[in-house]
Structures are given as C-alpha cells and as structure tokens.
Amino acid sequence: MIRRTLAVLHARNLEFLRDRSSLGWNILLPVLLVFGLAFVFSGPDKPLYRVGVLTSGAPLDDAQHPFLDTRYVGFFNAGDEADAIWKLEHHRMDILLDLRDPARYWINEDSPQSYIVEKLLLQSDPGGFARETVTGRRIRYVDWLLPGILAMNMMFSCLFGVGYVVVRYRKSGFLKRLRATPLLSIEFIVAQVLSRLMLIIVITSFVFLGTTTLLATPMAGSYLDLLVVAVLGAVSMIALGLLVAARVSSEELAGGILNMITWPMMLISGVWFSMEGAHPLMQRAAQALPLTRLLEAARAIMLDGATLADVRADVAVLALMSAAFLALGAALFKWRLD
Amino acid sequence: MAPVLEVQNLHRSYPGVEAVRGVSFQVGEGRCFGLLGPNGAGKTTTVEIMEGILPPSAGLVRYRGQPIGTAFRAQAGIQFQSTALQDFLTVRETLELFARLYPSHVDLDELIAVCSLQSVVDRDVRRISGGQRQRVLLAIALVNDPAVLFLDEPTTGLDPQARRNFWDLVREIKARRKTIILTTHYMDEAYHLCDEIAIMDHGRIIAQGPPVQLLEEHFRDTVLVLPRADFTIDPQALPYQVLFSGDMVEISVADVDEAIRALATARVSFSRLRIRPRNLEDLFLELTGKELRA
C-alpha cells in the first residue's frame with residue numbers, strides 16, 4: 001500500500017515540478033501577495049481608525065491637540081466641512097474632528113468604529129469638544145457593505161467562472177474542435193461573455209432584491225442606472241477573465257493568475273472598508289481596478305441617488321476596460337494547446 | 001477530372017523536429033484517400049494543415065483550385081482522433097450546437113438515423129459507450145453536409161464489432177460522393193475503405209497508390225502460414241524465405257503449387273495450413289523495416 005501511494009506521490013510531484021508555469025506561479029503568488037499586503041497594511045503605527053480633522057488651514061501637527069498623538073489612529077486633513085460630513089455619513093472616516101473654534105466633533109451613530117474613537121477622544125480630552133451627530137439620511141454599515149459583497153461575488157463568478165472554464169475547454173480539446181468550424185474567436189468570446197453576464201445579472205438581481213427587502217436597504221437612485229453599472233462592471237470582469245484565459249493551458253496557472261487579480265481587488269477596492277486616508281498611491285492604484293469603479297458607482301447610485309451622468313467617469317472607465325480586455329483577449333486567443 | 005484537394009510540398013517544423021517534410025498529393029472527388037503510418041509519422045500534422053487549423057511552415061493546400069481559407073471550414077467535416085465535448089449536453093443538444101455553427105446543416109433526425117444514434121439521442125454525451133461516442137463525433141463531422149470529410153484515427157480504441165459497424169457507416173458516406181481523408185494505423189481499415197493510400201514515415205510519403213496496385217507492385221509472392229509445431233523440417237532445406245513469428249511460421253513463396261508439393265515431400269502436416277496474400281502490414285514492413293504499430 002505504501003509503495004503504491006509513494007508511486008502516485010512521485011508521479012504527481014514530477015507532474016507538478018515539470019509544469020514550469022504552475023510551479024512558477026505557486027512560488028511567485030505568495031511572494032507577491034506577501035509583499036503587496038505588506039505594502040498595504042504594514043508600516044509604523046498603521047491606523048486602525050480614520051479621523052478627519054478640520055483645521056483653520058494649518059497643516060496637521062500633534063502639537064495642535066494631544067488626541068492627535070494617539071497611536072493606531074490615522075489623522076488626515078478633511079478639507080471641506082460639508083464634504084467631510086458626507087464622507088462620515090458614508091463610513092469613509094470614523095469620526096470628524098473640528099479643531100477650529102468652537103471645537104467639536106461629529107460621529108456616525110451607525111458606525112461601531114465611530115463609537116470606539118469617540119471613547120478614545122473623550123478619554124483624551126473629556127469635555128473639550130462639543131458633540132455632533134451626522135444629520136440627514138442615515139446610512140448603516142450594512143447599507144454600505146451590501147454593494148461590496150454583491151460586487152465581490154460578481155468578481156469571483158466572472159473571473160473564475162469564465163477563466164477556468166475556457167482553460168478547461170482548451171485543455172480537453174473542445175476548443176480545437178470548435179476551431180474546426182466557421183466559429184470566430186470573437187464570436188466564441190462574445191458568447192462566453194453573454195452567457196456569464198446573463199447568469200450573474202439574474203443571480204445578483206435576485207440576491208439584491210432579496211437582501212434589500214430583508215435589510216430595508218435604501219435605494220436612492222434609479223434601478224435602471226444601477227443595472228447599467230452592474231452590467232458594465234460584470235462585462236469588464238468577464239473580459240478580464242477571458243484575457244487571462246486567452247493563452248493559458250494549465251488550470252493551476254490560471255488559478256494563480258486569477259488569485260493574483262482577485263486578492264488585491266478584494267482588499268483595496270473598498271469592499272469591506274473605505275480606502276479614505278490610505279496612501280495616495282494605493283488610492284490611485286485602486287482606481288485602476290474594475291471592482292473599485294463598479295463599487296463606487298453602485299454606492300453612489302444606491303446611497304446618494306447619483307445618476308449615470310454623475311458617475312460617468314466610472315462608467316467610462318468600465319466601458320473602456322471592457323473594450324480593451326475584450327480586444328486583447330480576442331487578439332491573444334489561442335484555440336489549441338501548444 | 002480536377003482534384004478536389006491538392007497538397008503541394010507541405011512542410012511543418014516544431015522546435016527540434018521537422019514533422020512534415022515535403023508532402024504532396026492530390027485527392028479526387030468522391031474518393032477515399034488514406035494516410036497511413038506509425039505514430040509520429042506526420043500524418044495527423046499533415047491532415048491538420050489540410051483542415052486549415054494548423055498553418056504549414058511551407059507549402060500549400062488547395063480546395064477546388066483555391067488556397068484553403070476560413071471559408072473551407074464550412075465545406076469540411078472533421079472527426080478528430082480525440083475530442084472532448086461540452087459537458088451536460090445530450091447527444092441531440094450537441095448536434096444542435098454544432099449545426100448552428102454552420103451556414104447550413106443537414107436534417108438532424110436523418111443524421112441521427114444514418115449514424116444509428118436513435119437510442120442515445122437524449123443521453124448525456126458523458127454517458128455513452130466508446131463506439132457510440134465515435135458515431136456522435138462522426139455525426140458532428142457530417143452535420144454541415146461537408147464536401148470533404150476528415151477522419152483521424154476514427155476507430156482507435158473500438159472493439160472489432162464497433163469498428164466493422166463504423167466501416168459500414170463510412171461506406172454509406174462514401175456512396176454519397178463525399179471525399180474522405182482517412183488517417184489510420186489499421187491496415188485492414190485502409191485496405192477496406194480507401195481507394196488510394198499514402199504511407200508516411202518520418203514526415204515523408206514513402207509509397208502512394210491504390211492498395212491493390214501497391215501490393216502488386218511490391219509483392220509477387222504469397223504467404224503460407226503454419227503453426228510452428230507442424231513445421232518439422234530444417235528451414236535451410238527449403239528454397240524459400242521462412243519467417244518465425246511467435247508460434248507461427250510464415251513461408252514466402254512465388255508458386256504456391258510448387259511450394260505445397262515441396263512441403264508434402266518433406267511430410268509437413270497441412271491440417272492447419274493457411275494461405276494468405278500479402279497485405280499492407282507486409283508492405284509497411286517491407287518499406288520501413290519496422291512494424292506499423294511498433
């Protein structure tokens with residue numbers, strides 16, 4: 001029994017070691033993830049909470065108030081007051097501190113982080129600030145999180161559902177058989193996009209309607225606008241999956257590349273927490289990801305009643321990404337194994 | 001009559017190996033042309049270039065006088081040696097899928113009947129036998145009513161009965177004036193189905209012509225086959241080429257009557273004697289010095 005097990009073990013090891021592309025990704029992926037995550041989440045006194053600060057124009061300095069010296073709390077200049085309050089309402093910061101006269105702070109009563117930072121502030125300076133709560137429509141964390149969860153599910157379904165399947169078709173020879181027909185690569189790709197698109201839009205719509213009904217999530221904008229944004233976001237990510245699968249013949253390699261794409265999107269696209277206060281480079285990098293664009297547009301429509309015109313920048317970027325990924329995918333597409 | 005397909009000086013190289021080295025031949029309409037050779041001879045590469053799914057390194061393939069292009073795919077039907085099909089589809093759904101990929105297609109019910117697929121038409125393609133699967137693949141190749149049908153090792157892995165049934169099917173197709181390009185390493189298959197064959201080895205055609213003509217050109221003898229146990233004389237005593245093959249002895253003779261008399265004189269038992277003509281296996285051995293499926 002041991003001899004047979006060892007024989008199979010040996011054969012599988014040889015297969016794994018000789019598949020250079022998969023082996024390379026198995027080594028490269030964790031290294032890239034470790035360094036990537038280290039860049040995003042490490043550094044001295046990495047803040048756990050984000051505090052926007054309104055000042056009379058002077059740059060932020062610990063000397064302005066002892067609370068600004070608190071470790072693990074990130075302080076940043078909040079700029080315009082109205083804009084800062086909007087960000088607090090949208091969970092993009094945990095508390096807003098006004099160092100001008102009269103000194104005061106705003107909290108979002110629906111945010112657990114706001115509650116904790118308020119305790120820290122009061123411990124640092126009891127009675128030094130007047131308390132304000134955000135006014136207007138209240139946005140719960142779940143309202144903010146729901147689009148993130150749905151978009152993340154779309155991302156996994158679009159990337160893995162398409163990329164993996166195409167690689168499997170190629171490996172099994174099914175693509176080679178299709179190649180022998182008049183079918184063009186662009187026709188095959190469009191069919192894959194439409195198939196996954198219909199599936200993901202129907203499923204996401206059902207989940208969206210069910211959860212928004214159960215959770216009484218607000219819908220400030222137009223359902224049609226949201227659908228347009230969802231379709232564009234899905235197409236861009238399906239096209240990205242097809243681009244990954246355009247030439248790859250190994251499922252392990254495809255898995256590695258898809259993980260390399262999905263992990264950063266999951267972490268810095270703002271699914272779980274806002275990137276407000278993160279390193280500007282990181283914020284710019286996040287803007288280049290389709291999931292970020294999809295999420296920002298969807299949240300703007302759902303929570304703020306934005307129209308397509310208001311989110312035209314996100315819509316344009318998603319449309320451009322879709323076109324570019326599809327064109328590249330079709331150009332690079334390979335029907336058969338080498 | 002103008003040929004339907006012309007292959008002109010095809011070459012195809014891969015890193016470190018030249019798989020096809022200057023292959024040329026023509027195929028007339030309604031003919032079955034066989035490409036024979038051992039694994040690695042270059043026949044599948046040659047056929048894939050003819051099918052238009054693999055570009056040649058050099059050379060040209062013409063269909064009705066014109067270089068083949070993407071339009072040729074609508075005129076060709078292809079049965080690959082091994083093809084995966086889309087999971088979870090039934091036989092009928094699979095045929096419908098491929099039918100829709102062509103500008104026109106045959107009546108599917110008729111195709112299902114021709115390929116004897118009625119009993120499995122609603123079955124998942126993953127749950128049919130090897131013989132049924134080959135018939136489904138043939139039906140896919142025929143779905144666009146092709147002028148040229150490529151069959152690449154169509155009966156590999158089938159049991160003898162399934163192979164014979166498949167041959168009957170190919171004969172029916174041939175009777176409809178379809179041009180067939182068949183690659184196989186089964187000599188009997190080529191002998192029974194092909195009007196003309198080309199034997200390939202190391203990327204080149206080493207012999208070409210109708211099977212009977214090729215055998216007549218290369219052999220003027222007949223083979224007497226005896227069990228080894230019955231061959232009780234010294235082979236050196238006979239003026240014939242004697243080959244010991246396993247438990248059998250094969251005696252190559254030009255004049256059967258004279259050989260029989262010589263063996264009778266030597267008191268060899270004829271109770272289990274067989275007389276067979278030379279076949280394509282012998283021809284291949286003669287031309288290349290090796291067994292076809294070695």
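Residues numbered from 1 in each chain as written. Chains lettered and ligands numbered in written order. Predicted model: local features only at pLDDT ≥ 70, side-chain atom pairs only at ≥ 80, totals over all residues.

Turning to the overall build of chain A, a few remarks are in order. Each helix and strand in chain A was counted, giving twelve helices and five strands. For chain A, the spread of C-alpha atoms along the principal axes amounts to about 75 × 50 × 40 Å. Taken over 338 residues, chain A has a buried fraction of 38%. (Helix = DSSP H or I, 4+ residues; strand = E, 2+ residues; numbered from the N terminus. Buried ≥ 20, exposed ≤ 12 C-beta atoms within 10 Å, placed from the backbone.)

Let us look at the overall build of chain B. Looking only at helices and strands, chain B features nine helices and 14 strands. Along the three orthogonal principal directions, the C-alpha set of chain B runs to about 70 × 45 × 40 Å. Among the 294 residues that make up chain B, the fraction classed as buried is 36%. Taking all contacts inside chain B whose residues are at least 6 apart in sequence as the whole, residues at least 24 apart take part in 69%. (Contact = placed C-beta atoms within 7 Å.)

Residues and elements named next belong to chain B. Here five bridges tie strand β1 (residues 5–14) to strand β4 (residues 58–63), and the two strands are oriented antiparallel to one another. The partner of His 11 across the bridge, within β4, is Ala 58. Of the strand pairs in this sheet, β4 and strand β5 (residues 66–67) are connected by two bridges, and their pairing is antiparallel. Opposite Arg 62, over in β5, you have Pro 67 as the bridge partner. Adjacent in sequence and paired antiparallel, β4 and β5 are bridged by two residues, among which Arg 64 carries a positive phi angle near 50°. (Pairing = 2+ DSSP bridges.)

Glancing now at the nonpolar core. All names here are of chain B. Within the largest apolar cluster, 64 residues are counted, with the highest numbers of intra-cluster contacts made by Ala 139, Ile 140, Phe 150, Ile 180, Ile 181, Leu 182 and Ala 190. With seven residues, helix α4 (residues 130–142) is the single largest residue contributor to this core. Contacts of Leu 182, omitting those with residues within four sequence positions, involve Cys 32, Gly 34, Leu 151, Ala 190, Leu 193 and Cys 194. (Core = buried A, V, L, I, M, F, W, Y, C linked by C-beta atoms within 7 Å.)

Moving on, we come to unusual backbone geometry. Peptide bonds are, in most cases, trans, and in most cases residues other than glycine have a negative phi. All names here are of chain A. Residue Pro 102 is bonded to the preceding Asp 101 through a cis peptide linkage, with omega at 0°. If you trace the backbone, Pro 102 turns up in the loop between β3 (95–98) and β4 (104–107). Non-glycine residue Tyr 72 carries a positive phi angle of around 65°. Looking at the secondary structure, you find Tyr 72 in the loop between β1 (49–54) and β2 (73–77). Among the residues examined, Tyr 72 registers 10 C-beta atoms within 10 Å and is labelled exposed. One non-glycine residue with positive phi stands out, namely Ala 216, at about 55°.

Turning our eyes to something else, we now look at the packing of helix α7 (residues 185–215) of chain A against helix α8 (residues 223–245) of chain A. Residues and elements named next belong to chain A. Between α7 and α8, the shortest axis-to-axis distance is 9 Å and the interhelical angle comes to 135°. The orientation of α7 relative to α8 falls into the category oblique. Between α7 and α8 the crossing geometry is right-handed. Every residue of α8 that contacts α7 at Ile 189, Gln 192, Val 193, Arg 196, Leu 197, Ile 200, Ile 201 and Thr 204 is listed here: Ala 230, Val 231, Ala 234, Val 235, Ile 238, Ala 239 and Leu 242. (Axes fitted to C-alpha atoms, helices over the stretch in contact; angles between N-to-C directions. Parallel < 35°, antiparallel > 145°, perpendicular 65-115°, else oblique. Left-handed = near helix turned anticlockwise from the far one by under 90°.)

Here we take up the interface of chain A and chain B. Of the residues lining the interface, ten residues belong to chain A; the matching set on chain B comes to 15 residues. Considering only residue class, the side of chain A that touches chain B consists of four nonpolar, three polar and three charged. (Nonpolar A, V, L, I, M, F, W, Y, C, P; charged D, E, K, R; others polar.)

To summarise the sheet geometry, strands pair through backbone hydrogen bonds and adopt either a parallel or an antiparallel arrangement. Residues and elements named next belong to chain A. Overall, mixed pairing links the five strands, which are arranged β2-β1-β3-β4-β5 in an open sheet. Two strands close off the open sheet at either side, each with one partner strand: β2 and β5 (130–133). Strand after strand, the sheet turns through a mean of 25° between neighbouring axes, direction not considered. Across five bridges, the pairing between β1 and β2 is parallel. The residue bridging Val 51 from the neighbouring strand is Phe 75, located in β2. Against the sheet, helix α3 (residues 81–89) makes contact with β1, β3 and β4, and its axis sits at roughly 160° relative to β1, the strand it touches most.

So, on to the sheet that holds strand β11 (residues 222–227) of chain B. All names here are of chain B. Pairing in this open sheet of four strands is antiparallel, and the strands run β12-β13-β11-β14 from one edge to the other. Each edge of the open sheet carries a strand with a single partner, namely β12 (241–245) and β14 (274–277). Across the sheet, the mean angle from the axis of one strand to that of its neighbour is 25°, orientation sign disregarded. Across the sheet, helix α8 (residues 256–265) touches β11, β13 (248–253) and β14, and the angle it forms with β13 is around 130°.

Moving on to the packing of helix α7 (residues 211–218) of chain B against helix α9 (residues 280–288) of chain B. Residues and elements named next belong to chain B. As a packed pair, α7 and α9 sit with axes 10 Å apart at the nearest point and diverge in direction by 50°. Between α7 and α9, the angle is such that the two are oblique. Crossing handedness for the pair α7 and α9: left-handed. Here Pro 211, Leu 214, Leu 215 and His 218 of α7 come into contact with α9, specifically with Leu 280, Leu 283 and Glu 286. Residue classes in the contact of α7 with α9 are distributed as five nonpolar, one polar and one charged.

In regular strands, side chains alternate between the two faces of the sheet. Residue and element names in this part refer to chain A. Here β3 shows no split at all, with Ile 95 and Leu 97 on one side and Leu 96 and Asp 98 on the other all buried. Judged from the four bridges that link them, β1 and β3 form a sheet pairing that is parallel. For Val 51, the partnering residue across the bridge sits in β3 and is Ile 95. Bridge count between β3 and β4: four bridges; the pairing is antiparallel. Residue pairing in the sheet places Asp 98 in a bridge with Arg 104 of β4. What sits between β3 and β4 in their antiparallel hairpin is a turn of five residues.

Scored by pLDDT, chain B has a mean of 87; 98% of the residues are at 70 or more. ipTM for the predicted complex: 0.78, alongside a pTM of 0.73. (pLDDT = per-residue confidence, 0-100.)

All names here are of chain B. Taken together, the buried positions of helix α2 (residues 91–99) are Val 91, Thr 94, Leu 95 and Phe 98. On an axial view of α2, the arc spanned by its buried residues comes to 95°, and they lie on one face. Where the residues of α2 are buried, they touch α3 (108–114) and α4. (Arc of directions from axis to C-beta.)

Residues and elements named next belong to chain B. Counting through the fold element by element, Gly 246 comes out in the loop between β12 and β13. Take Gly 246: there are 6 C-beta atoms within 10 Å of it, and that puts it in the exposed class. Once the C-alpha coordinates of Gly 246 and Pro 227 are considered, the two residues, 19 residues apart in sequence, prove to be 9.3 Å apart.

This part takes up α7 of chain A. Residues and elements named next belong to chain A. For α7, which comprises 31 residues, the first-to-last C-alpha distance of 43 Å matches the rise-based estimate of 45 Å (1.5 Å per residue) to within 8%. Within the span of α7, buried status applies to Phe 188, Ile 189, Gln 192, Val 193, Arg 196, Ile 200 and Phe 208. On its buried face, α7 is in contact with α5 (141–172), α6 (174–179), α8 and α12 (312–332). Note on α7: the residue one or two positions beyond its end, Ala 216, has a positive phi of about 55°. (Expected span 1.5 Å × (residues − 1).)

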